[in-house]
Amino acid sequence: MKTIVTSSVKTASAFIRSGELVGMPTETVYGLGANVFDEDAVKKIFEVKNRPADNPLIVHVSSYEQIEQLADRITPNAEKIIKNFFPGPITIVLQKNEVISNFVTAGLDTIAIRMPNLEITAKFIDACGVPIAAPSANISGLPSPTSWQHVYNDLNGKIPCILKGPKCKVGIESTVVDCTSSVPTILRPGSISIDDLRTIFSRVKIFPKLQNGEVKSPGTKYKHYSPKAKVTLVESKKELIKIISKSGKKNFAFIGFEKVFSARKSKIVKSSNDYAHKLFSFFRSCDEIEIERIFCQKVEEEGIGLALMNRLQKASHS
Ligand code: TXA
Ligand code: MG
């Protein structure tokens, strides 16, 4: 199959309307989209990505009316998030409407919904005329794509079209919040932080830290975000130098707040936001030159730092 790369919303949306998949930009990471109401198209997403069937998809919308087409009921907690943070890098989980295929929700009775904050994406969803089911557009297990070129590298020849947008501003996936119970619960941390949510809710739970072993957001149990290189987290440049001088190995890279001159590749970040923006792209570029080991400097677990540490820890445990 030939993969075309286009900036035309009209061209890309025609593929969706004929039951095909499209790689699409968002402000977090690129997604692999299908018409949520076309079960055959949704099944293709799982085949192309090699995604486990028990990992549900996020459905992307461009209007409030589309949320009503997907959810059984929009709860007061969901209404608050919609009012304060939509469109934006946050996903709400609600009871699903009965018309939604079980393939979209992996058999769950809930559905994840998000309204991306990027003009070309909103125009694309409008032109498709339906909500778009889309996981991140990487082969399962690899880091999420943050540019159209990353999507092309993973999926060239497997999908007919990539809608070309800018590099992703945020760079890590959206915050996923369960809005089905009285206290909103973060299932996956993202750039909308717990403190951001506390500006509108008196209580917020963080699920992964509270429950032992059990997972409510199926995707969070899978190996994720990992480059082929071994990832090691360090407090400082000093700790890295110590490890390297012991092992004597030179084929390593570093991402953090300082430059490491002995590294084959060293990426300086200015803040946690900048770090999140650059991380997945850095992982991919290290794999391209077959770096063996990537050292990542830890960050404070506050603001986007919590989500960043979540992704770094996952990458380091694989
Ligand atoms: O920023 C993002 O969220 C990106 C862009 C493309 O929108 N999408 C993304 O999708 O990261 P994906 O499929 O890679 O991750 C979706 C996450 C998984 O952890 C999945 O388990 C969770 O959302 N999820 C989806 N539906 C759910 C549901 N009904 N209940 C709980 N978790 C759900
Ligand atoms: Mg993903």
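Below is a summary of the structure that appears in this document. (Residues numbered from 1 in each chain as written. Chains lettered and ligands numbered in written order. Predicted model: local features only at pLDDT ≥ 70, side-chain atom pairs only at ≥ 80, totals over all residues. Heavy atoms only, no water.)

### A short note on the overall build of the chain
Working step 1: Along its length, the chain carries 12 helices and 15 strands.
Working step 2: For 318 residues, the compact-globule estimate of 2.2 N^0.38 gives 20 Å, and the C-alpha radius of gyration of the chain, at 19 Å, lies within 12% of that figure.
Working step 3: In terms of its C-alpha atoms, the chain occupies a principal-axis envelope of roughly 60 × 50 × 30 Å.
Working step 4: The burial tally for the chain puts 58% of its 318 residues in the buried class.
Working step 5: Sequence-distant contacts in the chain: of pairs separated by 6 or more residues, those separated by 24 or more amount to 67%.
Working step 6: Here the chain has roughly 14,100 Å² of accessible surface; of this, 49% comes from carbon and sulfur atoms.
Working step 7: For the chain, the distance from the average site of its 44 positive side-chain charges to the average site of its 32 negative ones is 8 Å. (Helix = DSSP H or I, 4+ residues; strand = E, 2+ residues; numbered from the N terminus. Rg over C-alpha atoms; globule rule 2.2 N^0.38 Å. Buried < 20%, exposed > 50% of the residue type's maximum accessible area, 1.4 Å probe, protein only. Contact = heavy atoms within 4.5 Å. Areas by Shrake-Rupley, 256 points an atom, 1.4 Å probe, with all protein chains shown as cover. Lys, Arg positive; Asp, Glu negative; His and termini not counted. Charge placed at Lys NZ, Arg CZ, Asp CG, Glu CD.)

### Things to note about the nonpolar core
Working step 1: Within the largest apolar cluster, 50 residues are counted, with the highest numbers of intra-cluster contacts made by Ile81, Ile92, Ile113 and Leu197.
Working step 2: Those elements that place two or more of their residues in this core are β3 (31-35), α2 (39-49), α3 (64-70), α4 (76-85), β5 (90-95), β6 (110-114), α7 (148-155) and α8 (194-198).
Working step 3: Take this core: its biggest share by element is 5 residues, from α2.
Working step 4: The residues touching Ile113, leaving out its near neighbours within four places in the chain, are Ile58, Val59, Val61, Ile67, Leu70, Ala71, Phe86, Ile90, Thr91, Ile92 and Leu94.
Working step 5: Formed by 25 residues, the second largest nonpolar core is a distinct cluster that contains Val231, Ala253, Ile255 and Ala307. (Core = buried A, V, L, I, M, F, W, Y, C linked by side-chain atoms within 4.5 Å.)

### Description of the sheet that holds strand β2 (residues 22-24)
Working step 1: Pairing is mixed in the open sheet, where 11 strands are placed in the order β1-β8-β2-β3-β7-β4-β6-β5-β9-β10-β11. The two strands at the open ends of the sheet, each matched to only one other strand, are β1 (4-6) and β11 (205-206).
Working step 2: Note that strand β10 (residues 185-188) and β11 share 2 bridges and pair parallel. Directly across from Ile186, in β11, lies its bridge partner Ile206.
Working step 3: Packing against the sheet, helix α6 (residues 119-128) makes contact with β2, β4 (58-60), β7 (132-133) and β8 (161-163), and its axis sits at approximately 150° to β2.
Working step 4: Sheet strands in contact with α7 are β1, β2, β3 and β8, and its direction is about 165° off that of β8. (Pairing = 2+ DSSP bridges. Axes fitted to C-alpha atoms, helices over the stretch in contact; angles between N-to-C directions.)

### Brief notes about the packing of aromatic side chains
Where two aromatic rings form a pair, the distance of their centres and the angle of their planes describe that pair.
Working step 1: Under the definition given, this model contains 2 aromatic pairs.
Working step 2: Centre to centre, the rings of Phe252 and Phe295 are 5.8 Å apart; their planes meet at 85°, and the pair counts as edge-to-face. Note that Phe252 is positioned in strand β13 (residues 252-256) and Phe295 in strand β15 (residues 293-297), a separation of 43 residues in sequence. Of the two residues, Phe252 and Phe295, both sit in the buried class.
Working step 3: Consider the rings of Phe257 and Tyr275, whose centres lie 6.1 Å apart with planes at 80°: the pair is edge-to-face. Separated by 18 residues along the polypeptide, Phe257 in the loop between β13 and β14 (265-268) and Tyr275 in helix α11 (residues 272-288) bring together distant segments of the chain.
Working step 4: A relative accessible area of 34% places Phe257 in the partly exposed class. (Phe/Tyr/Trp six-rings, centres within 6.5 Å; stacked < 30°, edge-to-face > 60°.)

Everything listed is a geometric property; what it means functionally is a separate question.
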